Amino acid sequence: MLKHFLTVQDIPYSQAFGVLARAEEMKKVDYRSDLLAGKTIVLIFEKASTRTRISFDVAIRHLGGQTIFMTPAESQLGRDEPIKDATRVLSRYVDGLVVRTFAHSNLEEMRLYSDIPVVNALSDSFHPCQIMSDILTMKEHGPGLDKTRVAWVGDGNNVAQSLINAAIYFPFELFLSFPEGYNPDTNVIDLALKSGAKIYMTHDPVEGVEDADFVYTDVWASMGQEAEQKKRERIFAPYQVTEELLKHAKPECKVLHCLPAHRGEEVSEEVLEGERSIVWDQAENRLHMQKAILEWVFGNVDYSIYPVPARINPIGHLGPHVAF
Ligand code: CP
Ligand code: NVA
């Protein structure tokens, strides 16, 4: 069966915990296999990347596959060849597409026209590979996902939206604090609330981080929003993750950042380099989770051997109190 991974929900609930378990197993043994032997995967990156690009490239090699890196600048995509045309052609040459793009609709279009798997390496709307990997990091560093409170502080961006998607599957509580007008997409929030995810929203970062096990932040201006940098610096200033803000979280609270970080903007130097920061472990886990995602996409794993918790998220728990 042809599988694509554009959002967390592309992995069925019944398999998501298995993918997580496989990433843990793979990490333990520094996993290698020949799953992708003879296969070639194109990495199409319309935006810059260090972690996602290299962890996918290395993961594919560790699974025995080959990669080709492609950007718009050096392909016809940069000269306006329609995505649907490039997708159909590449489908005839290679075995998979790992794609970082702007509009999420570009990925939807690729999915529609592709005969080979398409994996979202970040779009303006979602970053599911990042978040699956972060679930592993939170499992390793926290009190257990069902006892974990995560505080997202900052922009309601692609990473935040995938975290909200993850809260539909994984039983952590998610408190989001963001400035007015910088909320996650209301459709993303609605889906999570209807699914019983334990999400709660506020404009007050102090309230947002209260009793948090993890405080997670990301840049104020994402790739493609560079022109808004100065304006966003003003608006987001109260949302900087500092030692002062972290006094309101649990004493053992850990700090997450998907990286790259802008020290002195969304996070202070002291916090990023301090004892609470687990960002390097978080970045390492990208490699292990990419392997588990690639295995889900290309492999034939029987995930039924991994326990799946009953979906215990109570519908209507907490709920938003921010008006959009
Ligand atoms: N976190 C993340 O996706 O980093 P890159 O932009 O370096 O891939
Ligand atoms: N929100 C950031 C994430 C980078 C990994 C961006 O889209 O630029």
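Colleague: What's the story with helix H3 (residues 83-93) in this structure? I'm lost.
Modeller: What sets the pattern is the α-helix's 3.6 residues per turn: residues three or four places apart point alike. Among the residues making up H3, those that are buried are Ile83, Ala86, Thr87, Leu90 and Ser91. The arc enclosing the buried residues of H3, seen along the axis, measures out at 140°, which places them on a common side. For H3, the secondary structure elements touched by its buried residues are strand S1 (40-45), strand S2 (66-70), strand S3 (96-100) and helix H4 (104-113).

Colleague: What should I look at first to understand the environment of Phe170 in this one?
Modeller: Tracing the backbone shows Phe170 in the loop between helix H6 (158-169) and strand S6 (173-177). With a relative accessible area of 0%, Phe170 lands in the buried category. Separated by 24 residues in sequence, Phe170 and Asp146 place their C-alpha atoms 7.7 Å apart. Setting aside anything within four residues of it in sequence, one finds Phe170 in contact with Ala16, Phe17, Leu20, Met132, Ile135 and Leu145.

Colleague: How should I be thinking about the nonpolar core in this particular structure?
Modeller: The nonpolar side chains of soluble globular proteins are, as a tendency, buried together. Phe170, Leu174 and Ile199 are the most contacted members of the largest nonpolar core, which has 68 residues in total. With 18 residues, the next largest nonpolar core counts Val209, Leu245, Cys253 and Leu272 among its residues.

Colleague: Explain the sheet that holds strand S9 (residues 254-257) here, please?
Modeller: Strand pairing in a sheet relies on backbone hydrogen bonds, with the paired strands running either antiparallel or parallel. On the basis of which strands lie adjacent, the open sheet formed by five strands has the order S7-S6-S5-S8-S9 and parallel pairing. The outermost strands of the open sheet, each flanked by one partner alone, are strand S7 (199-202) and S9. Between one strand axis and the next, the sheet turns through 20° on average, direction left out of account. Alignment of strand S5 (residues 149-153) against S6, held across five bridges, turns out to be parallel. Bridged to Arg149 within S6 is Glu173. Strands strand S8 (214-217) and S9 of the sheet are contacted by helix H12 (residues 279-298), whose axis makes an angle of about 45° with S9.

Colleague: Just to check I follow, could you spell out the site of ligand 2 for this structure?
Modeller: Near ligand 2 you find Leu122, Asn157, Asn158, Asp218, Val219, Ser222, Met223 and Leu259, and these make up its full shell. Between ligand 2 and the protein, one listed contact pairs a nitrogen atom with a side-chain N or O atom of Asn157 at 3.3 Å. Between ligand 2 and the protein, one listed contact pairs an oxygen atom with a backbone N or O atom of Met223 at 2.8 Å. Burial of ligand 2 by the protein amounts to 94% of the accessible area it has alone, namely 270 Å². When each cavity is represented as a set of grid points, ligand 2 is found to reside in the largest pocket.

Colleague: What exactly am I supposed to notice about the site of ligand 1 here?
Modeller: Taken together, Ser49, Thr50, Arg51, Thr52, Arg100, His127, Gln130, Cys258, Leu259 and Arg286 make up all the residues around ligand 1. Take Arg51: an N or O atom from its main chain is 2.8 Å from an oxygen atom of ligand 1. Side-chain polar atom of Arg100 to an oxygen atom of ligand 1: 2.8 Å apart, as the coordinates give it. Contact with the protein chains removes 95% of the 250 Å² of surface that ligand 1 exposes when unbound. Cavity membership is defined here by more than half of the atoms lying within 2 Å of grid points; on that basis ligand 1 lies in the largest pocket. When grouped by side-chain class, the residues that make up the shell around ligand 1 number two nonpolar, five polar and three charged.

Colleague: Where do I start with the sheet that holds S2 in this structure?
Modeller: Within the open sheet, the four strands sit side by side as S2-S1-S3-S4. Their pairing is parallel. The strands lining the two open edges of the sheet, one partner per strand, are S2 and strand S4 (118-120). Direction aside, the axes of adjacent strands within the sheet are offset by 20° on average. With three bridges connecting them, S3 and S4 associate as parallel partners. Counterpart to Leu97 in the pairing with S4 is Val118. Along the sheet, helix H2 (residues 51-62) contacts S1, S2, S3 and S4; its crossing angle with S1, the most-contacted strand, is approximately 180°.

Colleague: Help me out: how do you make sense of the layout of surface pockets in this one?
Modeller: Where empty space is left in the structure can be found by rolling a water-sized probe over the atoms. Empty space within the largest pocket amounts to approximately 630 Å³. At the level of secondary structure, the elements contributing two or more residues to the lining of the largest pocket comprise H2 and H6. When residues in the lining of the largest pocket are grouped by element, the largest group, three residues, is from H6. When the residues that make up the lining of the largest pocket are grouped by side-chain class, the tally is 11 nonpolar, 17 polar and nine charged. Of the volumes computed, that of the second largest pocket is approximately 170 Å³. Each residue belonging to the lining of the second largest pocket can be placed in one class, and the counts come to eight nonpolar, no polar and two charged.

Procedures and definitions
Residues numbered from 1 in each chain as written. Chains lettered and ligands numbered in written order. Predicted model: local features only at pLDDT ≥ 70, side-chain atom pairs only at ≥ 80, totals over all residues. Heavy atoms only, no water. Buried < 20%, exposed > 50% of the residue type's maximum accessible area, 1.4 Å probe, protein only. Helix = DSSP H or I, 4+ residues; strand = E, 2+ residues; numbered from the N terminus. Arc of directions from axis to C-beta. Contact = heavy atoms within 4.5 Å. Core = buried A, V, L, I, M, F, W, Y, C linked by side-chain atoms within 4.5 Å. Pairing = 2+ DSSP bridges. Axes fitted to C-alpha atoms, helices over the stretch in contact; angles between N-to-C directions. Near = heavy atom within 4 Å. Polar contact = N/O pair within 3.5 Å; in protein donor to acceptor, adjacent residues only side chain to side chain. Areas by Shrake-Rupley, 256 points an atom, 1.4 Å probe, with all protein chains shown as cover. 1 Å grid on protein atoms, 1.4 Å probe; cavity = no way out; pocket = protein on both sides within 12 Å on 5 of 7 lines; lining within 4 Å. Sits in = over half its atoms within 2 Å of the grid points. Nonpolar A, V, L, I, M, F, W, Y, C, P; charged D, E, K, R; others polar. Points joined across faces, edges and corners; volume = space filled by probe spheres on them.

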